[in-house]
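If you want the building blocks of each chain, they are given just below.
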Amino acid sequence: MRKISQWFLVAGLVCTFGFVVSARAQEEAKQFPVASKTLKNGMKVLVQSDHSIPNVALYIFYRIGSRNEHPGTTGLSHFFEHMMFNGAKKYGPGELDKVMEANGGENNAYTTQNTTVYQDWFPRSALPLIFDIEADRIQYLQFDPKKIASEREVVASERRLRTDNDNGGLLDEQLWATAFVAHPYQWPVVGWMSDIEHWTMEDLKHHFEMGYSPNNATMVVVGDVTSEEIFQLCEKYIEPIPTHAPPPPVTTVEPDQLGERRLVVRKPAELPLLEIGYHVPQTNNPDFYALNVLQTVLVHGESSRMYQRLVDKDQIALNVGMGADTAFDPTLLVVNAQPKQSVDPVSCEKAIYEELDKAKTTLISDQELEKAKNIRLVQFYQQMRTISGRANTIGTYEVFFGDYTRLFDAAKNYSAVTKEDVQRVAKKYFGANNRTVATLIPDNEEKANQ
Amino acid sequence: MRTIKTACKVVGLLGLATALAAASVAQTLKLPPHEKVVLKNGLTLLLMEKHGVPIVSFYAVVKAGSAAEPADQAGLAGITAGLLRKGTEKRTAQQFATDLDFIGASFGADSDFDYTAVSAEFLTKDVDRGLDLFSDALLHANFPQAEVDKLLAQSVDGVKAAKDQADAVIFSYYNGYLYGTHPYARPGGDELSLKKIQRAAVLKFYQTNFVPSNTILAVAGEFNAAELKKKLEEAFGSWPGKPSPVVNIPPPTPVKGKRLLLVDKPDATQTYFAIGNIGITANDPDRVAIRVVNTAFGGTFASILNTALRIDSGYTYGANSFFQNEKAAGPFAIYSFTKSETTVPAIDLALKVLEDLHKNGLTAAQLDTAKKYIKGQFPPQIETSGQLASRIVISEFYGLDDNEINQLEERIGAVTLESAKQIIEKRFPRDNMVFVLIGKASEIGPAVKKYAEKQDERKISEPGFWPPPSK
């Protein structure tokens, strides 16, 4: 299904893992050369030519997401993402999708806590049309009250799909709301239902003005194009768009967590659920690489420590995972497990803590370290082998690490990670005081009484 | 779960930019060349070099899926697939996992209606180790009792976990309700059928079906085909030949009249619904025309269905329709969801757009858009070695050929408003259909009775999907 704003997470994308020598890094950079230009209005444009298929992936990353919202207007960035498909000046309501499809193209978008990303996939023949559409909607978005009313319902349906009728989504929302007391990461990207129902036209207009300035965006184009033609199209369609002030900086800093927090969600369910969130630094922190190696050792594949322990040996969980979103501000690394039926989530919790403690008290093995680096190399090629994967990866590095070339430093940075680094980050971030524990407990009595 | 597929390649796209006269454009979609070899033991090998990224993708199809299971062993094919990596003659499950993960490789095995797919992906430099792992699982699985017990227990709980999410199970109910006693009713099994499966049945299913003449293996990616062929012959040449089993899948009978199954999920605030009937086979002579018409009706964001149910009315986050093409006729369904209060208006609207499709057919613009959309969005579907390997193997399995891609544009171009009209009349349901709804029965039950003369109801917490287990 489309226009599926994946407001939950883009995680995984940047979680590529370590590798050996810096010669490899240079090789990777050479294999995927990128041309870069900053337009006069401040928008940075990155182009990577690849003529193996006659198609193009064009991604625009706006540095605005739910962290730029406030109580009462939560979910506005995501709602806005939806409105960007609902009509501007030249392409009126419903026309954007119609015209794009009639020219063989399609589009989507996703919103996170940090960014709103628009994606176009199309045959090269549609290139000028796509620029015309993008320029139109950045400058001349319509705010039709009827359209807004109907789109509110669409977003409410999306929220029911992914949160209210999805136990994992529901528990995750509660986890973030509990782990953060000050910083905006505490509210859901989709927004609280009551905010979805109540934000006003003024809220919307203000948000548009704040977030959608060209100097707040990065465009990435990958596929059957040349950088010259893309820069020319940008000069014609994008460069004339005036610049204005980007969103004000988010100054709230989440205070240190000084003790374990616990929460319980009780509702009708077949099985319980468990999530444990630990505060970790933002993506561009140097500990990123060691944390990813640790994460690989703990949960990647059936040879991983936690799979072996919880799923295979103790047989108390159906699966166990771990991940962090790419983030501008300190965020959460979340461990999740699906306990088996009649298993008390507490026993999963205990096994998870024991595995984390092992990583704190003893070094991981040479073989585990090498495995993590091998996995990172394969993931690099897996995400770089499609034009859309490359557009997303290049843009993610540019936005979250401040420079797309950091993508090609990743190999070097992972190869620098030592077993001692992994132990150090395990000790630093996986303390009891730093965690928030969320469990969903099936409450089927309640159901009968309803 | 299968490994993630992506990737592809399309050759020769000269001047598509300027040649906008789409209908008269020369053939531009083309499958890269590949080689087919049949070994003495009957194994079919397909090899396709695809350079640019140092990855090799393996994709094998064993011609036995859920439809080949004994009727009381639903889920057997999936369990057999899941156990392939859980112990072989030379590796324990843990050793297999350790060897696989060390090279960053992925491995997947799962069953579908008609076949079991086994796939793997790894870097070109690791091809020897990857091939050893892949062939070890496919040829030498030995199904340790402890692993059988473990996977069965996990799978039973997996069904329960899925039931906590209506959209994860609606098609298990739908297929059961639509197909009744036909083998396509039960892909995957349920909490009760999985409990009945014994190791002996798994072993028998494996020994009968996992034989070379019943298997097609495609390998695509960065390698030298001549060299790799030798390695494949070495790895698979000694696989003992045996007669292929015969799987007879009877043609399913479309539902007559209207029937409705309401699955009660008391905590649901949204109703999930699927509406349709038996669809088409994978090699149906009208398959391309059907694809074009369905693309316009419910296959894209701006499709007729999504425009009505989402864009114009705001009833839902999404509505679509699909034909699932199988060896025997697979299901056709319209699928959407909406808050409990708008269940009836949303279903009414879905039925109205279906009725309008029958009355009015497509407009010239809708037909043209569907054609351009399919063509324009096709190249990224054959962009990676994994996508290519699975595509050529599945094509071979269904007895289709490269013209499925190489003549796609021509075949799409041949669809006219008139032929579309006939397709709609013949292939899209109008008076005969099933409705499957998951939602809060106490709120929506009385109102949805109007859709069908025959109604059934189950609680989602009751084990099984459909039909209800016999006591």
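Note that the structure is a prediction, hence the values are computed from the model and not measured.

Participant: Describe the overall build of chain B, listing the residues and the values that go with them.
Facilitator: Looking only at helices and strands, chain B features 17 helices and 12 strands. Its C-alpha radius of gyration of 23 Å places chain B within 12% of the 23 Å reference for a compact globule of 471 residues. C-alpha atoms of chain B, sized along the principal axes, occupy 65 × 60 × 35 Å. Burial analysis of chain B (471 residues in total) assigns 61% to the buried set. Pairs at least 24 apart in sequence give 83% of the contacts found in chain B among residues at least 6 apart. Element-wise, carbon and sulfur atoms account for 53% of the exposed surface of chain B, whose accessible area totals about 17,500 Å².

Participant: Describe the sheet that holds strand 8 (residues 273–280) of chain A, naming the residues involved and giving the relevant values.
Facilitator: All names here are of chain A. Strand order in the open sheet made by the 5 strands is 7-11-8-10-9, with mixed pairing throughout. What marks the edges here is a single partner per strand, and that holds for strand 7 (261–267) and strand 9 (317–324). Recorded for the sheet is a direction-independent mean angle of 15° between the axes of neighbouring strands. Pairing between strand 8 and strand 10 (residues 331–339): 7 bridges, direction antiparallel. When the sheet's bridge partners are listed, V280 is paired in strand 10 with T331. This element, helix 6 (residues 167–179), spans strand 7, strand 8, strand 10 and strand 11 (435–442) of the sheet and lies at about 150° to strand 7.

Participant: Could you give me a rundown of the pattern of salt bridges, with the residues and numbers involved?
Facilitator: Applying the stated criterion across every chain, the model contains 56 salt bridges over all chains. Residue R458 of chain B is joined to E462 of chain B by a salt bridge in which the shortest nitrogen-to-oxygen separation is 3.4 Å. On the accessibility criterion, R458 of chain B (6% relative accessible area) is buried. Note on E462 of chain B: relative accessible area 31%, which makes it partly exposed. Salt bridges sharing common partners tie together R309, K313, D314, K350, E354, E355 and K358 of chain A.

About the cut-offs
Residues numbered from 1 in each chain as written. Chains lettered and ligands numbered in written order. Predicted model: local features only at pLDDT ≥ 70, side-chain atom pairs only at ≥ 80, totals over all residues. Heavy atoms only, no water. Helix = DSSP H or I, 4+ residues; strand = E, 2+ residues; numbered from the N terminus. Rg over C-alpha atoms; globule rule 2.2 N^0.38 Å. Buried < 20%, exposed > 50% of the residue type's maximum accessible area, 1.4 Å probe, protein only. Contact = heavy atoms within 4.5 Å. Areas by Shrake-Rupley, 256 points an atom, 1.4 Å probe, with all protein chains shown as cover. Pairing = 2+ DSSP bridges. Axes fitted to C-alpha atoms, helices over the stretch in contact; angles between N-to-C directions. Salt bridge = Lys/Arg side-chain N within 4 Å of Asp/Glu carboxyl O.

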